[in-house]
Amino acid sequence: MTTRNEPIAIVGMAGLFPKSPDLRSYWANVVAGADCITDVPADHSWSTADYLDPDPKAPDRTWCGRGGFLEPIPFDPVQHGIPPAQLDAIDTSQLLSLIVAREALRDAGFDPDADGWARDRVSCIIGVTGTQELAITLGARLQGPIWRRALLRHGVDPKLADAVVADIGKHFPEWQEQSFPGLLGNVVAGRITNRLGLGGTNCVVDAACASSLAAMQLAIADLAAGRSDLALTGGVDTLNDIFMYMCFSKTPALSKSGDARPFDADADGILISEGIGMVALERLSDAERLGHRVYAVVHAIGSGSDGRAKSIYAPNPRGQARTLKRAWEEAGFPLDTCDLIEAHGTGTKAGDAAELDGLTEVFGAVDHPIAVGSVKSQIGHTKSAAGIAGLMKAALALHQRVLPPTVKIRKAAAALTGPLRANTELRPWIRSAGHPRRAGVSAFGFGGSNYHAVLEEHVGGAEAGWALPPVEALFLIGAPDAATLGSRLDALLAAAGTCPNVHALSREALSVWAPASHVVSFTADSLDAARAHLTAAKGLLGGSAASTKSGVHYGVIGGPRPRVAFVFPGQGSQVVGMARDVVCRYPEARAVLDRAEATLTRAGSLAGHIWPVTAGDDAERKQQERALTATDWAQPALGAVEAAELAVLAAYGVRPDMVAGHSFGELVALHAAGALSERDLITLARARGEAMADRGVDRGTMAAVSAPLAEIEACIRELGLDVVLANRNHPKQGVLSGTKEAIARAIEALAERKIAAQPIPVAAAFHSPLVADAAAPLAAALASADVRAPTLPVYANVTAAPYPTDPNDARALLVAQITSPVDFVGVLQSMWADGARIFVEVGPKAVLHGLCRRTLPKAGATLLALDLDGPTVDGELQLLRVLAQLAALGVPVDARPMLSRPQPSEARPVGSKATVLLAGANYRKPETKAPPAPKSVPRPAAPPPVPAQERTMSQPTPPPVAARP
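The model shown is predicted, which means the values in this text are computed figures rather than measured ones. (Residues numbered from 1 in each chain as written. Predicted model: local features only at pLDDT ≥ 70, side-chain atom pairs only at ≥ 80, totals over all residues. Heavy atoms only, no water.)

Participant: Before we move on, can you summarise the overall build of the chain with the specific residues and values?
Facilitator: Within the chain, the regular secondary structure consists of 34 helices and 31 strands. For 965 residues, the compact-globule estimate of 2.2 N^0.38 gives 30 Å, and the C-alpha radius of gyration of the chain, at 32 Å, lies within 12% of that figure. Projecting the C-alpha coordinates of the chain onto the three principal axes gives extents of approximately 115 × 70 × 60 Å. For the chain, buried positions account for 57% of its 965 residues. Long-range contacts, defined as pairs at least 24 residues apart, comprise 79% of the intrachain contacts of the chain with a sequence gap of at least 6. Taken as a whole, the chain presents about 37,600 Å² of accessible surface, with 55% of it coming from carbon and sulfur. (Helix = DSSP H or I, 4+ residues; strand = E, 2+ residues; numbered from the N terminus. Rg over C-alpha atoms; globule rule 2.2 N^0.38 Å. Buried < 20%, exposed > 50% of the residue type's maximum accessible area, 1.4 Å probe, protein only. Contact = heavy atoms within 4.5 Å. Areas by Shrake-Rupley, 256 points an atom, 1.4 Å probe, with all protein chains shown as cover.)

Pasting the structure below:
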């Protein structure tokens, strides 16, 4: 479907947000679900000891002492052409915006310090609310005569009154030449264009908390009209002083619990924050022609007003709904192509209820889940920068193909019904068949200003990079001999003293990595951990064989490369949320799921079964587990996830010498050996699952038996049990299949012989004649599949021998597997006999890892699994640990994928000697921060600190009365 407007590309982004000094850290905090809310910093412009009071009616007091605050960063006035003496006469909103503007341009590929690009064709349109901190403090300084008259009325000596007034005045900046431009909101844009020499439109827009999207709408119009070729736009708000807290306290809107919980049933208000976000925009045609990286495409920004409402700041769901409809109509997209809504989501009961009411009016008829979130749950409400904070989050979500979480939802608001779901966990964003990924972003402001942006992923561009740096850094260090390896360990220990973080040290190691005869490998989550591991590795050197100690692997590799076997689990290993971390972080894995989703589009959403978007309760989670347990979804889900993990291992250069699967997993093994294409794997997995699905026909059941296999077989013969030993899992464990009556009798008869047998909750007696009716549909599906000769041995469940090379023979064996017992013991023993010594389970739950451990010789076999530690340990971390062990065993591992990962943010360099640290509060000269008290007037005693264990979120501790002025 075409759009009415020329699409606009987001080609650059930059920002400063709470605990996020740059774009990379902002995104890392978003996807990690980090809580960036803190108490008011001790060095901010106001102290909670002076103003905190739990009584909401207390005059000139607030009950809230928490919010989102910018952390100090270095600012060099010389670099920005500002005399250092003028710093306290310029609002921080202007100063910090210079940094963000430069970084946004640089991120878009334009060097702000170089010539050669058309600066006169660049506009700067920023969302800024009217009040700036400097206007308040400069105005306060002018109240000296009022203070003096009050002192005189109370009998204070005139000379002492003058001294007191002068003393108070030292708390505030002096009026000077720069004061007037320094306090104006419009000069935020003006100073950027002045210092960077931009010649396009220069203005600011005030639509309260919707200011940044209002500014973006104007910037897009500027591009559409051809007045500019590049637009710098966004929102700026560094005002979090007591004045702003008083505004929101007396409205009242601030949270009394001290936390912002948008869309939670118990949400009780907002927390205000500081933030600056800017994006660089180009017409999409220009961006593609110039080869610029595109984060996302903006197709429309709808706007509207609430009209008549109960009060000037009461939200109106009808007005919001009108704005959303206008935006999607202007974009030309059907409403059912929306997957994500980054909502305004402030956390006030009235605001959230109104917004959800409006969203339901617009999207209530959509037949698939829409993830609803709000970054305010993590960084608070950045006011005029709120819209751009949400838009940057949505743009990065589209670029990185993940659905980011909204945190702090303990119980979802009742109004989150129908397709609207609170997304409380990071999830892969798998593309729906038929349309690109799309998202909406809302921002609403006091006075009824409503804005909504419609964004889309950039189709046809390069695959998005990595969503996150790895949880831990991977170290692979190789050398031809122990002495050289020791020297390299010493060099890395020395480098650890200068590297900014553990990932930079890892890059130093991986950049020269090559498989060698002596290898040290490990993962580390910090420089301290890396130093400890490097030191421990030095103690392992010189041994004649591989060794492992405290997570450090030392390999002495000689002779033929060890043979590697991959094993793939079957039905029963599926679990909701499986492989989430790997699929979120690896484009290779996500692409497999995208293709699988497209293959199964007529059946429903595969991703919706694996990673359902919901903040559901226990009952809903159990329902999701049941839905994924159904064979028609469990089997394609396992096939897609295992193929995705296989693709990631291949990206690291890790390939098997032989493969096998347990039951359904045999299909994946055939794909790993090149006998089945990825598409045929997914198609056959669905066909096999549908053929075995529970259609109301009694196909029997199964039971697990813990006893030696020979004993189980003897019991079946001797007792005349009408059951089949369907699974030979390991030498002392088998699974029986039969009718429900036969299985019940078998369990009872085995119990009499002191043999433990447990029923298994399955839909049928798999691998027995009772599922013979599934063979014909599978045979029909196989007839249409392109079955090829395997490129490496695939050990069959039925024969425990490699698959035949003739495609028709392979088809027949796959059909026979439906009703034939699974001899996994024989499979493992055959692989061992053929030289496999390293067994890697590819898939969830690590069930086969246990079977291998009980079947293979303890000496000489190395057993690894990608999900050995389960869902409590990050999935990618488990992958990296497997790679580290493989490298130390002599298996080739390609480090280049890890070298392409983004690095964590590094501290900004300090410039000239004039560099100062700036945060959200305005800069004050050192001598004005705490003017000395006159010797004749003793300083009041400071109130005693409140012990941490006595502080509560719901009841802030008021300062002693004596501490009030």
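What follows picks up the thread again.
Participant: Could you give me a rundown of the confidence of the model for the chain, with the residues and numbers involved?
Facilitator: Across the chain, pLDDT averages 91, with 94% of residues at or above 70. Taken together, the stretch residues 931–965 has pLDDT below 50 and engages in 38 contacts with residues farther than four places along the chain or on a different chain. (pLDDT = per-residue confidence, 0-100.)

Participant: Could you give me a rundown of the sheet that holds strand β17 (residues 473–479), with the residues and numbers involved?
Facilitator: With respect to topology, 4 strands assemble into an open sheet ordered β17-β18-β20-β19, the strand pairing being antiparallel. The open sheet has two edge strands with one neighbour each: β17 and β19 (547–549). If you compare each strand with its neighbour and ignore which way they point, the axes differ by 15° on average. Judged from the 7 bridges that link them, β17 and strand β18 (residues 518–524) form a sheet pairing that is antiparallel. If you follow glycine 478 over to β18, its bridge partner there is valine 519. (Pairing = 2+ DSSP bridges. Axes fitted to C-alpha atoms, helices over the stretch in contact; angles between N-to-C directions.)

Participant: Explain a nonpolar patch on the surface residue by residue, including any values.
Facilitator: Together, Ile312, Tyr313 and Phe446 make up an exposed nonpolar region whose accessible area comes to about 340 Å². Tracing the backbone shows phenylalanine 446 in the loop between β15 (438–445) and β16 (449–456). A relative accessible area of 45% means that phenylalanine 446 is categorised as partly exposed. (Patch = residues over 30% accessible without salt bridge, like charges linked within 9 Å, V, L, I, M, F, W, Y side chains within 5 Å. Salt bridge = Lys/Arg side-chain N within 4 Å of Asp/Glu carboxyl O.)

Participant: Explain the sheet that holds strand β24 (residues 724–730) to me, and be specific about the residues and the numbers.
Facilitator: On the basis of which strands lie adjacent, the open sheet formed by 5 strands has the order β26-β23-β25-β24-β28 and mixed pairing. In the strand order of this sheet, the two ends are held by β26 (756–760) and β28 (822–823), each with one partner. Both β24 and strand β25 (residues 733–738) contribute to a ladder of 5 bridges, which runs antiparallel. The residue of β25 that forms the bridge with valine 724 is serine 737. Across the face of the sheet, helix α26 (residues 709–719) comes into contact with β23 (701–706), β24 and β25 while running at roughly 170° to β24.

Participant: Report on helix α10 (residues 242–249), specifying residues and quantitative values.
Facilitator: Within α10, 6 of the 8 residues are buried, leaving the element largely enclosed by the surrounding structure. Of the positions making up α10, those classed as buried are Ile242, Met244, Tyr245, Met246, Phe248 and Ser249. Against the buried residues of α10 lie α2 (48–51) and β3 (66–67).

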